[in-house]
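Coordinate analysis (summary)
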Protein chains: 2
Amino acid sequence: MTLSDTFYVGPGRADLMELIAETGSISEAARRMGMSYKRAWGLVQALNDGFGAPLVETARGGKEQGASLTEAGREVLERYRGMQEATRKAIARDFEALQALHIDMSIRK
Amino acid sequence: MTLSDTFYVGPGRADLMELIAETGSISEAARRMGMSYKRAWGLVQALNDGFGAPLVETARGGKEQGASLTEAGREVLERYRGMQEATRKAIARDFEALQALHIDMSIRK
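This report concerns the structure included in the present document. (Residues numbered from 1 in each chain as written. Chains lettered and ligands numbered in written order. Predicted model: local features only at pLDDT ≥ 70, side-chain atom pairs only at ≥ 80, totals over all residues. Heavy atoms only, no water.)

Description of the relation of the copies chain A and chain B
Where we set the bar: The least-squares superposition of copies is restricted to C-alpha atoms, and to residues with a pLDDT of at least 70 in both copies. In this analysis, two residues are considered to be in contact whenever any of their non-hydrogen atoms come within 4.5 Å of each other.
Expressed as a screw operation, the relation of chain A to chain B combines 0.0 Å of axial shift with a rotation of 180°, fitting to an RMSD of 0.1 Å. The symmetry that links the two subunits is that of a two-fold axis. Minimal C-alpha distance to the rotation axis in chain A is attained by Thr87(A), lying at 2.6 Å. Most of the interface of chain A is mirrored in chain B, where 100% of its interface residues are also at the interface.

Written out as structure tokens, the structure reads:
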């Protein structure tokens, strides 16, 4: 979902935010997603800079002390999940019809 | 929208199918999309092979004599457009709320 030239959230970014909220740690969230800390940190920066306000905040003091979502971060994540669910419901009938046609055609092939 | 491991339709493929239906020509559709004939032809092949039945058919006889959507092609395009519209409606409220928050945050920055 693209909000502007500077801000985008997709499934990967949403999962990262969710795991940061769950684990309280960027490095643990990165580990669970099978990505490097460097990549996760880059995504956090992209989220924070792109949105114009922090979505993820880290406790200060040299080494990472823990991370969490800000109020804006929680709202972005919650609305993104809501949009995913609303989309799934909205397309379910057409999706199933196309899938049936696709399978049907493949069998006839 | 991914139907299976072999079949995917996105905005570009949908636009190409729509322009083939409108113009009756793969080369004219390609021209209007600013892509090469070779690329458009490759996409048509991917659509036809991936779906398991032709979505786009071309008149036979050496040089391209014209192209059109098959019945399955029209159904795929129509349902894809329906899904796009349903998605737009389903996410409108959350999308606007996030955009307002995004703009608001950017101003405060």
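There's more to say after this.
Concerning the interface of chain A and chain B
Rules: In short, buried area is how much 1.4 Å probe accessible area vanishes from two parts on joining, totalled over both. Here a salt bridge means any side-chain nitrogen of Lys or Arg lying within 4 Å of a carboxyl oxygen belonging to Asp or Glu. For the purposes of these results, a polar contact is taken to be a pair of N or O atoms within 3.5 Å, where, inside protein, one atom must be able to donate a hydrogen and its partner to accept one; residues adjacent in sequence count only when each atom of the pair is a side-chain atom.
Counting from both sides, the interface comprises 31 residues of chain A and, opposite them, 31 residues of chain B. Between chain A and chain B the total buried area reaches about 2700 Å² when both faces are included, carbon and sulfur atoms providing 71% of it. Two residues, Arg79(A) and Asp94(B), come together in a salt bridge whose shortest N-O distance is 2.6 Å. Seen at the junction of chain A and chain B, the total is eight residue pairs in polar contact (both at pLDDT 80 or more).

Describing the pattern of salt bridges
Stated formally: Only DSSP runs of H or I covering at least 4 residues are called helices, and only runs of E covering at least 2 are called strands; the numbering of each starts at the N terminus. Only protein chains enter the accessibility calculation, which uses a 1.4 Å probe. A residue is then buried if its area is under 20% of the maximum for its type, exposed if over 50%, and partly exposed in between.
In the structure shown here, the tally under the stated rule is 14 salt bridges over all chains. Across the pair Glu28(A) and Arg31(A) runs a salt bridge whose closest N-O atoms are separated by 2.9 Å. You can see Glu28(A) and its partner Arg31(A) sitting in helix α2 (residues 26–33), three residues apart, about one turn around the helix. Since its relative accessible area comes to 22%, Glu28(A) is described here as partly exposed. With its nearest N and O atoms 3.1 Å apart, the salt bridge here joins Arg88(B) to Glu85(B). Taken together, the residues span about one helical turn, with Arg88(B) and Glu85(B) both in helix α4 (residues 71–108) at a distance of three residues. Members of the salt-bridge network, linked through shared partners, are Asp15(A), Glu18(A) and Arg81(A).

Let's talk about the packing of aromatic side chains
The description of an aromatic ring pair uses the distance of the two centres, along with the angle that the planes make with each other. Residues and elements named next belong to chain A. Inclusion rule: Any two rings among Phe, Tyr and Trp, with Trp reduced to its six-membered ring, count as a pair given centres within 6.5 Å; such a pair is stacked if its planes are under 30 degrees apart, edge-to-face if over 60, and tilted if neither.
All chains considered together, the criterion is met by four aromatic pairs over all chains. Between phenylalanine 7 and phenylalanine 51, the ring centres sit 4.8 Å apart and the planes meet at 70°, which makes this aromatic pair edge-to-face. On the criterion of sequence distance, the pair formed by phenylalanine 7 in the segment before α1 (11–23) and phenylalanine 51 in helix α3 (residues 37–51) is long-range, its members being 44 residues apart. Take phenylalanine 7: its relative accessible area is 1%, and that puts it in the buried class. Judged by relative accessible area, phenylalanine 51 falls into the buried class, the value being 0%.

Description of the side chain of Arg13(A)
Residues and elements named next belong to chain A. Our working definition: The sign given to each residue is positive for Lys and Arg and negative for Asp and Glu; His and the chain ends receive no count.
Within the secondary structure, arginine 13 is located in helix α1. Here arginine 13 occupies a buried position and makes no salt bridge, while the nearest side chain of opposite charge, aspartate 49, is found at 10 Å. One polar contact links the side chain of arginine 13 to the main-chain carbonyl oxygen of tyrosine 8, over a distance of 2.9 Å. Aside from chain neighbours lying at most four places away, what touches arginine 13 is Tyr8, Leu43, Ala46 and Leu47.

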